[in-house]
Amino acid sequence: MNYQTFAKLYDDLFDEDAYQDWLSYAQKNITAKDGKLLELAGGAGRLAILLKQNGFKDVTVFDLSPEMLTLAAQHAQEAELELPLIEGDMREWSDLKQKYATITSFADSFNYLANTKEMLDAFKQIAKHLEDDGQFLFDVISPWQTDVYYPGYMFNWHDDETAFMWSSYGVEGMSHTVEHELTFFVYNEEIDGYQQLQEIHTERTYDLETFMRLLKKAGFKDIKVSADYGRQDVTAETDRWFFSATKA
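Residues numbered from 1 in each chain as written. Predicted model: local features only at pLDDT ≥ 70, side-chain atom pairs only at ≥ 80, totals over all residues. Heavy atoms only, no water.

> Whenever I open this one, the sheet that holds strand β6 (residues 154–158) confuses me. Can you help?
Two pairing modes exist for strands in a sheet, parallel and antiparallel, and in both the strands are linked by backbone hydrogen bonds. Reading across the sheet, the four strands line up as β6-β7-β8-β9 and stay open at both edges, with antiparallel pairing between neighbours. With one partner strand each, in any of the chains shown, β6 and β9 (193–204) form the two edges of the open sheet. Put simply, the sheet's adjacent strands are angled 10° from each other on average, direction ignored. Relative to strand β7 (residues 162–170), β6 runs antiparallel, the two being bridged by five bridges. When the bridges of β7 are listed, tryptophan 157 appears paired with phenylalanine 164. (Pairing = 2+ DSSP bridges. Helix = DSSP H or I, 4+ residues; strand = E, 2+ residues; numbered from the N terminus. Axes fitted to C-alpha atoms, helices over the stretch in contact; angles between N-to-C directions.)

Printed below as a string of structure tokens:
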């Protein structure tokens, strides 16, 4: 029961409909569909595989977790697709010389960075690894999500072998920050019983002006922001912002 177990649990429990929505957003907004595409923080490769199956020929997954990349390799093999994998930290990957026409990153990846400096570092690395006029697409949760929706949020799920409890709390003294307490009970044949696994995830976000400022400072232009996977305009109660930006 290690990080490989956590990775598989997250992969199994993730909402498959969200991948279809991200795919739809990518198909509608990516301009260089024949160019090289990097799925940054691509996890178990689910979206990358969908992209390859829907006309994006050259897709690579980049992720910090070797356990997630192991799952991505397995999923690619099952789909009978070649899927290059890169293990690395989005805040510093200067040693990678390849440049891409498009870089995408979804599912709150930037909300796990500790502060605006780390986010700026990540944005600069993305700009560095984009071709001229390359495109960057990503999403983040909004302050409405951290301040209004998540505090007090609870979700429970179970089947015959696994139970999952998710509770979210605001973090005192830290603006637009939330902690998720994730608890799994997984059946273990060796002990003929259930083993408890727990993780705490911290997410932080900022106002829209901060994201715009950081993107411009990192070298991006033509920044467009939308809601609901690009289907709606942003409002005061938008839970997730979707960004499309071009390398200046």
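> Even after reading the chapter, I still don't get the nonpolar core, so can you show me in this structure?
Taken as a class, soluble globular proteins show a tendency for nonpolar side chains to be buried jointly. Ranked by internal contacts, the top residues of the largest apolar core, which has 30 residues, are Leu40, Ile103, Phe110, Phe123, Ile126, Phe136 and Phe220. Looking at this core element by element, the count peaks at six residues for helix α5 (residues 116–128). With 23 residues, the next largest nonpolar core counts Leu50, Val59, Leu137 and Phe242 among its residues. (Core = buried A, V, L, I, M, F, W, Y, C linked by side-chain atoms within 4.5 Å. Buried < 20%, exposed > 50% of the residue type's maximum accessible area, 1.4 Å probe, protein only.)

> Would you take a moment to explain the pattern of salt bridges for this structure?
Taken as a whole and assessed by the stated rule, the structure comprises eleven salt bridges. Where salt bridges share partners, they join Asp21, Asp228 and Arg231 into one cluster. (Salt bridge = Lys/Arg side-chain N within 4 Å of Asp/Glu carboxyl O.)

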